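Geometric and topological summary
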Amino acid sequence: IGHTGGMAAEFLVTLATPEQVKSACDGVFFYGRREARFAFVGRSNVGKSSLLNALTKTKLAQVSKEPGKTRCIHSYVWKEQKLVLVDLPGYGFAKAAQSERKRWAEFINVYFSLDQALCEAIVLLDSRNGPTPLDDEAIGFLLHEQVPIRIVMTKLDQLKTQSERARRKKEVKTSLARWGIGPELTHWVSASRNDGISALGGMLSEVARAAAHSITERIQESKKEEE
């Protein structure tokens, strides 16, 4: 299932079918782990693997030059922060776009409906052009499923000037406001330059710590019911 050792993070499990997801999710436990979870969602080639590696300071997530390669749910234990990062399949790069979006929604909806210790969906958008119509579709889906959302704007280094960054931040703020998502839930990062990575990691750790108490209470309640 992965390797152990002194790394700050390690691979946990890959899930390829709804049946495997159902087996992995058991109340607040995910593959036997009780740590809070964060699900990373984004359009293919938005930089999910690079962000996961930058956060954990490892090379656990495989970075591919072929967009849309991830077709499974990959998960990692971030031991330093005591949480689990769940890498969901990218969306929006299939030749049969509509059928792929339907398959994506059905597959991950099983996960969202079963994982009772999921804190937030971390939605990655490209700083240069997001949110796109496909991003809007994914955000709408997540909100419909009542999944808490945090937005991460990736590839900030691709915005070369301060004026370009200011313009894009204003555009994104206006666009996300339609969904009720404010600047306090929007992070701008560059995995290649490590910009904003530490602040994002700290925020996830803070949310996970707040969730840990609730998870412990629910485990204790479950044990009492069994008795």
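A short tour of the structure in this document, coming up. (Residues numbered from 1 in each chain as written. Predicted model: local features only at pLDDT ≥ 70, side-chain atom pairs only at ≥ 80, totals over all residues. Heavy atoms only, no water.)

**Considering the side chain of S205**
Locating S205 in the fold gives a position in helix α6 (residues 197-226). Classification of S205 as buried rests on a relative accessible area of 4%. Setting aside its immediate chain neighbours within four residues, S205 contacts Q81 and L83. (Helix = DSSP H or I, 4+ residues; strand = E, 2+ residues; numbered from the N terminus. Buried < 20%, exposed > 50% of the residue type's maximum accessible area, 1.4 Å probe, protein only. Contact = heavy atoms within 4.5 Å.)

**Some remarks on the nonpolar core**
Formed by 40 residues in total, the largest nonpolar core has its most connected members in F30, L88, Y111, F112 and I151. Looking at which element gives the most residues to this core, the answer is helix α3 (residues 97-114), with 7 residues. Apart from the residues within four sequence positions on either side, F112 is in contact with A39, V41, L88, L118, F141, L142 and V147. Ranked by size, the runner-up nonpolar core spans 30 residues in total, among them L51, C119, A208 and A211. (Core = buried A, V, L, I, M, F, W, Y, C linked by side-chain atoms within 4.5 Å.)

**Looking at the pattern of salt bridges**
Summed over the entire model, instances satisfying the criterion amount to 10 salt bridges. Between K79 and E10 there is a salt bridge, with its nearest N and O atoms 3.5 Å apart. Of this pair, K79 sits in the loop between β5 (73-78) and β6 (83-87) while E10 sits in strand β1 (residues 9-15), and the two are 69 residues apart along the sequence. For K79, a relative accessible area of 30% corresponds to the partly exposed category. (Salt bridge = Lys/Arg side-chain N within 4 Å of Asp/Glu carboxyl O.)

**Remarks on the environment of G90**
Structurally, G90 can be placed in the loop between β6 and α3. It is 25 Å that separates the C-alpha atoms of G90 and G202, two residues lying 112 residues apart in sequence.

**Regarding the environment of T161**
Note that T161 resides in the loop between β8 (149-154) and α5 (162-177). Judged by relative accessible area, T161 falls into the partly exposed class, the value being 37%. One polar contact links T161 to S163, side chain to side chain, over a distance of 3.1 Å. (Polar contact = N/O pair within 3.5 Å; in protein donor to acceptor, adjacent residues only side chain to side chain.)

**Re the pairing of β5**
Across the 6 residues of β5, 6 count as buried, placing the element largely inside the fold. Burial of β5 is two-sided: the residues I73, S75 and V77 facing one way and the residues H74, Y76 and W78 facing the other way are all buried. In this sheet, β5 lies alongside β1 in antiparallel orientation, the contact comprising 6 bridges. Across the sheet, the residue bridging to E10 is V77, located in β5. For β5 and β6, the ladder comprises 5 bridges, and the chain directions are antiparallel. Among the inter-strand pairings, W78 is bridged to a residue of β6, identified as L83. What sits between the antiparallel neighbours β5 and β6 is a turn of 4 residues, in which K82 has the positive phi angle 55°. (Pairing = 2+ DSSP bridges.)

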